[in-house]
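An overview of the molecular structure
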Amino acid sequence: MNKCEQCIVRQFNSLKTLTKDELIKISACKTSKIIKKGEVIFKEGEYLNGVFCIRDGVCKVSKMSENGRNQIISLIQQGSMLGERSLISDEISNLTATALSDMEVCFIPKEEIIKDLEKNPNFTLDVLKTMANSLKNADNLIVDMAQKSVKQRLADTLLHLLERFGLNTDAAINIQLSREDIANIIGTATASAIRLLSELKKEKIIDFIGKDITILNKKELEKIAQGF
């Protein structure tokens, strides 16, 4: 089993602020699991009895609206933690996390995390900063949904995915999303997302083969994102 104190992934999240002794205690009580692509890590309405640290892979975090449409709030990748908000507020999960690729995650029980929050102010502050950043992103999402066109949101999303995930060996964005996932990120019907992607392809701004999307004209995509 991987030891937390030797794990490079913790440098990307709040666990980096814990002492060696605290990390050794976490190592002794955590469990590691493999989650297959498409599997749910936790569901909206579930009680989370701990937090998840992503050692490898990517998942989507989404919320079901009253009309039954899934809205993807964010994509979470290697090095991030999941579930701190529900843990600290002691409420049921507000979101569902689903694996977009095969994943390796570590589950740290609630009791251990609460002990560290009580004893280590640096850890507490870092967790709060992470949660504040998530709230800022949620605020931005609300404004984008209200003020930007669907085409703007699509252009924004493609640029964000490029910045965040980089390119694969075929020069395509290094994450594969279904058309339904893309629609659920930009808040539209799948048919609309397909139509807009096809328009961008026709205009030679992007190209795609299956789920692989390549940006051919970044400047033009940036113009669309800005509303020009």
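Since we're looking at a predicted model, the values are computed, not measured.

1. Some points on the pairing of strand E4 (residues 58-64)
Taking burial as the measure, the seven residues of E4 include five buried ones, the bulk of the element. The pairing of E4 with strand E5 (residues 70-77) spans seven bridges and is antiparallel. Along E5, the bridge assignment pairs Met 64 with Asn 70. Where E4 hands over to E5, the hairpin turn is made up of five residues, of which Gly 68 adopts a positive phi near 85°.

2. Some thoughts on the domain arrangement of the chain
Each domain of the chain was delimited in the assignment, giving domain 1 (4-145) and domain 2 (148-226). Put simply, the middle of domain 1 and the middle of domain 2, counted by C-alpha atoms, are 27 Å apart. Listed as interface residues are 14 residues of domain 1 and, on the opposing side, 16 residues of domain 2. Asp 181 serves as the salt-bridge partner of Lys 60, at 2.7 Å between the closest nitrogen and oxygen. Elements with a contribution of two residues or more to the side of domain 1 that touches domain 2: E4, E5 and helix H4 (121-147).

3. Brief notes about empty space enclosed by the protein
Tallied over the entire structure, the rule returns three cavities of 30 Å³ or more. Of the volumes computed, that of the largest cavity is approximately 80 Å³. When residues of the lining of the largest cavity are traced back to their parent elements, those giving at least two are strand E3 (50-56) and strand E8 (103-109). Its residues assigned to classes, the lining of the largest cavity shows six nonpolar, one polar and four charged. Here the second largest cavity is characterised by a volume of approximately 50 Å³. Grouping the amino acids of the lining of the second largest cavity by side-chain chemistry returns six nonpolar, no polar and one charged.

4. A word on unusual backbone geometry
Of note in this structure, Ala 171 is not a glycine but carries a positive phi near 65°. With respect to the secondary-structure elements, Ala 171 resides in the loop between helix H5 (150-165) and helix H6 (179-186). Notably, Lys 204 is not glycine yet its phi reads approximately 60°, a positive angle. Among the structural elements, Lys 204 can be located in the loop between helix H7 (190-202) and strand E9 (206-209).

5. Looking at the UniProt feature "domain: HTH crp-type" (unreviewed entry) in the chain
What UniProt calls "domain: HTH crp-type" (unreviewed entry) maps, in this numbering, to residues 148-219. What you have in residues 148-219 is 54% helix and 11% strand, and the ends, taken at the C-alpha atoms, are 18 Å apart.

6. A closer look at the sheet that holds E8
Pairing is antiparallel in the open sheet, where four strands are placed in the order E1-E8-E3-E6. What marks the edges here is a single partner per strand, and that holds for strand E1 (31-35) and strand E6 (81-82). As defined by bridge partners, E1 adjoins E8 across five bridges and the pair is classed as antiparallel. By the bridge assignment, Ile 34 is partnered in E8 with Glu 104. Packed on one face of the sheet, helix H3 (residues 110-119) meets E3 and E8 and runs near 65° to E8.

Basis of the calculations
Residues numbered from 1 in each chain as written. Predicted model: local features only at pLDDT ≥ 70, side-chain atom pairs only at ≥ 80, totals over all residues. Heavy atoms only, no water. Buried < 20%, exposed > 50% of the residue type's maximum accessible area, 1.4 Å probe, protein only. Helix = DSSP H or I, 4+ residues; strand = E, 2+ residues; numbered from the N terminus. Pairing = 2+ DSSP bridges. Domains from an automatic or database assignment. Contact = heavy atoms within 4.5 Å. Salt bridge = Lys/Arg side-chain N within 4 Å of Asp/Glu carboxyl O. 1 Å grid on protein atoms, 1.4 Å probe; cavity = no way out; pocket = protein on both sides within 12 Å on 5 of 7 lines; lining within 4 Å. Points joined across faces, edges and corners; volume = space filled by probe spheres on them. Nonpolar A, V, L, I, M, F, W, Y, C, P; charged D, E, K, R; others polar. UniProt positions renumbered as here; feature names shortened; annotations may be inferred. Axes fitted to C-alpha atoms, helices over the stretch in contact; angles between N-to-C directions.

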